[in-house]
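Each chain, letter by letter, is given below.
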Amino acid sequence: MAKTPLLLVGLTALLGIAVLIGPQPAQAQTSQSRMTGLALSGDEPIQIESDLLQINEETSQATFSGNVRVLQGDTVLQAGEMIVHYAKNGGSVASGAADIREIDLFKKVLIRSGTQTATADTGNFNMAKEVLVLSGEKVVLTDAENVFIGCKLTVEMKSGQAKLDSCGRRVMIQLDPKSRPEQ
């Protein structure tokens, strides 16, 4: 597996895509969308700030704690804690050459790129599968005046497919007709 930078996602074109809502069982309402602009970014430098960094070579984990802020280009990721899981003998996190397998985010996650923002209680990015999952009591996605609310957002980076689950409640979407691109 190729070495991959720590910050993984840009929220480009996150919500400007039409949303398809199909009939769902009453307990499991879901919204699906194609997110073609969401992509991995491997060509820009990454800046990571936190109150504490602990690297445990034995468990192949780097834990960033307290006011974690990651910047890459115009994308910002913030969380209370970020745990980076990397492959044994896959390089060092300290040198920036680690073979990162998975990243867990805790304690209020925020991802912002341009006019788009996603907030959640927790997040996980599986590098091998290229799947991002944001979850919590209330996962909120915004793009300008458009708002999507659910409890779990799953984005498959390779295909651009996204699914917003309601977890037994209902998905809420508020679309502003003025936000549509002019044709």
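Just so we're clear, the structure is a prediction, and the values are computed from it rather than from any experiment. (Residues numbered from 1 in each chain as written. Predicted model: local features only at pLDDT ≥ 70, side-chain atom pairs only at ≥ 80, totals over all residues. Heavy atoms only, no water.)

Moving on to the confidence of the model for the protein chain. Here the protein chain averages 75 in pLDDT, while 70% of its residues score no lower than 70. In this model residues 1-40 is a low-confidence stretch, pLDDT under 50, and it forms 130 contacts with partners more than four residues away in sequence or in other chains. (pLDDT = per-residue confidence, 0-100. Contact = heavy atoms within 4.5 Å.)

This part covers the pairing of strand S9 (residues 116-120). In terms of burial, S9 is largely enclosed, as 4 of its 5 residues are buried. Pairing of strand S8 (residues 109-113) with S9, which is carried by 5 bridges, proceeds in the antiparallel orientation. Within the sheet, the bridge partner assigned to Arg-112 lies in S9 and is Thr-117. Here S8 folds back onto S9, and the loop between the two strands holds 2 residues, one of which, Gly-114, carries a positive phi near 60°. (Buried < 20%, exposed > 50% of the residue type's maximum accessible area, 1.4 Å probe, protein only. Helix = DSSP H or I, 4+ residues; strand = E, 2+ residues; numbered from the N terminus. Pairing = 2+ DSSP bridges.)

In total, this model carries 3 salt bridges according to the counting rule given. Close ionic contact of Lys-108 with Asp-121 constitutes a salt bridge, the shortest N to O distance being 2.9 Å. Of this pair, Lys-108 sits in the loop between strand S7 (100-106) and S8 while Asp-121 sits in the loop between S9 and strand S10 (122-126), and the two are 13 residues apart along the sequence. We classify Lys-108 as exposed; its relative accessible area is 60%. Of the residues examined, Asp-121 reaches a relative accessible area of 23% and is grouped as partly exposed. Salt-bridge contacts for Glu-137 lead to Arg-169; the nearest nitrogen and oxygen are separated by 3.5 Å. Here Glu-137 is found in strand S11 (residues 131-143), whereas its partner Arg-169 is found in the loop between strand S13 (161-165) and strand S14 (172-174), with 32 residues between them in sequence. (Salt bridge = Lys/Arg side-chain N within 4 Å of Asp/Glu carboxyl O.)

Moving on, we come to the pairing of S13. Strand direction decides the pairing type here: strand S12 (residues 146-156) and S13, joined by 5 bridges, are antiparallel. By the bridge assignment for S13, Lys-152 is matched with Asp-165. Between S12 and S13, which pair antiparallel and follow one another directly, the connecting turn spans 4 residues, one of which, Gly-160, has a positive phi of 80°.

The subject of this paragraph is the nonpolar core. Soluble globular proteins tend to bury their nonpolar side chains together. By size, the foremost hydrophobic cluster in this structure holds 30 residues, and its most contacted members are Met-82, Val-84, Leu-105, Leu-134 and Leu-153. When contributions to this core are tallied by element, the ones reaching two or more residues are strand S5 (61-72), strand S6 (75-86), S7, S8, S9, S11, S12 and S13. Residue contributions to this core peak at 5 residues, all from S6. Apart from residues lying up to four places away in sequence, Leu-105 is in contact with Leu-77, Ala-79, Glu-81, Met-82, Thr-122 and Gly-123. (Core = buried A, V, L, I, M, F, W, Y, C linked by side-chain atoms within 4.5 Å.)

So, on to unusual backbone geometry. If you check the backbone angles, Lys-107 has positive phi at about 65° while not being a glycine. Turning to its location among the elements, Lys-107 is positioned in the loop between S7 and S8. Positive phi values are uncommon outside glycine, yet Lys-108 reaches one of about 70°.

Looking at the secondary structure, you find Val-70 in strand S5. Val-70 gets classed as buried once you look at its relative accessible area, which sits at 1%. With 22 residues separating them along the chain, Val-70 and Ile-48 place their C-alpha atoms 4.5 Å apart.

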